[in-house]
Amino acid sequence: MSDPNAIITEYRNLLVRTEQASESEFDKGVLALSGGALGLSFAFTKDIIGTAHIIHSIYLLLAWTAWTASSISVLMSFFTSQRACRTAIRQLDAAGKVPPRPGGWLDYGTEVLNIAGLVLFVVGLIMMVIFLSHNLNLK
């Protein structure tokens, strides 16, 4: 008969691995979407709208700023995530047990940066929609 504690431990380890893989894919997705939206908006603005007809350009600038900040947030989260893992390993080695918050503030920072990346991406989308509604007469 299987040990219930071993089953729970194995299941927990599976959840941790799944969460890590999901977070990594999320980061890659937000980074790809933000970078792609930024590049696509440059081309779209140049080729479709043209510079002579741009009105309310502040919304375009805000979209570009938000998408750039989103990309930077995700890139920073890759770094803080790696550092949080190293810190958690050192904490585990030093204490011989799992600390209350493995990775410490770096783990928390990674969460904040991931949320910021998503929020900034959405803000960029909203700003671009507003910009387009003014410049393509979609009101």
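For the structure itself, look to the data block above.
My aim in this report is to walk through the structure given alongside it, one point at a time. Numbering of residues starts from 1 in every chain and runs along the sequence as written. Local features in this predicted model are restricted to residues whose pLDDT is 70 or higher, and side-chain atom pairs enter the listing and the counts only when it is 80 or higher, whereas totals over whole chains, interfaces and linings include all residues. The side-chain values count all of the structure's non-hydrogen atoms but skip hydrogen atoms and water molecules.

### Points about the overall build of the protein chain
The cut-off we apply is this: Secondary structure elements are taken from DSSP: a helix is a run of H or I of four residues or more, a strand is a run of E of two residues or more, and numbering for both begins at the N terminus. A radius of gyration in this sense is built from C-alpha atoms; the matching globule rule multiplies 2.2 Å by the number of residues raised to 0.38. Burial classification: accessible surface area is computed with a 1.4 Å probe over protein chains only, and a residue below 20% of its type maximum counts as buried, one above 50% as exposed, and the rest as partly exposed. Each accessible area value is a Shrake-Rupley result obtained with a 1.4 Å probe; residue values ignore everything except the protein chains displayed when judging cover. In this tally, Asp and Glu contribute negative charge and Lys and Arg positive charge; neither His nor the terminal groups of the chain are included. Here the site of a charge means atom NZ of a Lys, CZ of an Arg, CG of an Asp or CD of a Glu.
Helix and strand counts for the protein chain come out as three helices and zero strands. Reading the secondary structure of the protein chain in the N-to-C direction produces α-α-α. On C-alpha atoms alone, the protein chain measures out to a radius of gyration of 21 Å, which is more than a quarter above the 14 Å that the 2.2 N^0.38 rule sets for 139 residues. C-alpha atoms of the protein chain, sized along the principal axes, occupy 70 × 35 × 20 Å. Within the span of the protein chain, comprising 139 residues, buried residues form 28% of the whole. When the accessible surface of the protein chain is split by element, carbon and sulfur atoms take 68% of a total near 9400 Å². Distance between charge centres in the protein chain, computed from 10 positive and 10 negative side chains, equals 7 Å.

### A closer look at the pattern of salt bridges
Inclusion rule: The term salt bridge refers to a side-chain nitrogen of Lys or Arg lying within 4 Å of a carboxyl oxygen of Asp or Glu.
The tally for this structure, following the rule as stated, stands at three salt bridges. One salt bridge in this structure joins Lys28 and Glu25, with 3.7 Å as the shortest N-O distance. One end of the pair, Lys28, and the other, Glu25, are both in helix H1 (residues 4–49), three residues apart, so they sit about a helical turn from each other. Residue Lys28 is classed as partly exposed on the basis of its relative accessible area of 45%. Here Asp107 ties to Arg101 by a salt bridge, and the two come within 3.0 Å at their closest N and O atoms. Owing to a relative accessible area of 26%, Asp107 belongs among the partly exposed residues under this scheme. Several salt bridges share partner residues, and in doing so they unite Arg101, Asp107 and Glu111 into one network.

### Quick notes on the packing of H1 against helix H3 (residues 105–135)
Under the convention used in this document: Axis definition: a line fit to C-alpha positions, over the contact stretch in the case of helices; interaxial angles, taken between N-to-C directions, run 0 to 180 degrees. The cut-offs work like this: below 35 degrees is roughly parallel, past 145 is roughly antiparallel, 65 to 115 is roughly perpendicular, and the gaps in between are oblique. Each crossing gets its hand from how the near helix is turned against the far one by less than a right angle, where anticlockwise is left-handed and clockwise is right-handed. Contacts between residues were defined by any pair of non-hydrogen atoms, one from each residue, lying within 4.5 Å.
For the pair H1 and H3, interaxial distance at closest approach is 10 Å and the crossing angle is 20°. By the angle class used here, H1 and H3 are roughly parallel. Viewed along their axes, H1 and H3 form a crossing whose handedness is left-handed. Contacts between H1 and H3 involve Glu23, Phe26, Asp27, Val30, Leu33, Ser34, Ala37, Ser41, Phe44, Thr45 and Ile49 from the former and Thr110, Asn114, Gly117, Leu118, Phe121, Met128, Phe131, Leu132 and Asn135 from the latter.

### Here we look at a nonpolar patch on the surface
To be explicit about the condition: Each patch is built from residues lacking any salt bridge and having more than 30% relative accessible area; the joining distance is 9 Å for like charges and 5 Å for nonpolar side chains (Val, Leu, Ile, Met, Phe, Trp, Tyr).
On the surface, a cluster of nonpolar side chains totalling about 300 Å² of accessible area is made up of Phe26, Leu118, Val122 and Ile126. Inspection of the secondary structure assignment puts Phe26 in helix H1. By relative accessible area, Phe26 is classed as partly exposed at 32%.

### A closer look at the environment of Ala84
Tracing the sequence through the fold places Ala84 in helix H2 (residues 57–95). On the basis of relative accessibility, which here comes to 7%, the residue Ala84 falls in the buried class. Taking C-alpha positions, Ala84 is 8.8 Å from Tyr108, a pair spaced 24 residues apart along the chain.

### Remarks on the layout of surface pockets
The following threshold applies: A cavity, in this analysis, means grid points on a 1 Å lattice covering only the protein atoms where a 1.4 Å probe fits yet has no way out; a pocket is instead an open set bounded by protein on both sides within 12 Å along at least five of seven lines, and a residue lines either one if it has an atom within 4 Å of a point. Grid points are joined across faces, edges and corners, and a volume is the space filled by probe spheres set on the points. Any residue that is not Ala, Val, Leu, Ile, Met, Phe, Trp, Tyr, Cys, Pro, Asp, Glu, Lys or Arg is counted as polar, Gly included; the first ten are nonpolar and the last four charged.
In this model, the largest pocket occupies a volume close to 910 Å³. Within the residue set of the lining of the largest pocket, elements represented by two or more residues are H1, H2 and H3. Residue contributions to the lining of the largest pocket peak at ten residues, all from H1. Of the residues belonging to the lining of the largest pocket, the class tally is eleven nonpolar, nine polar and seven charged.

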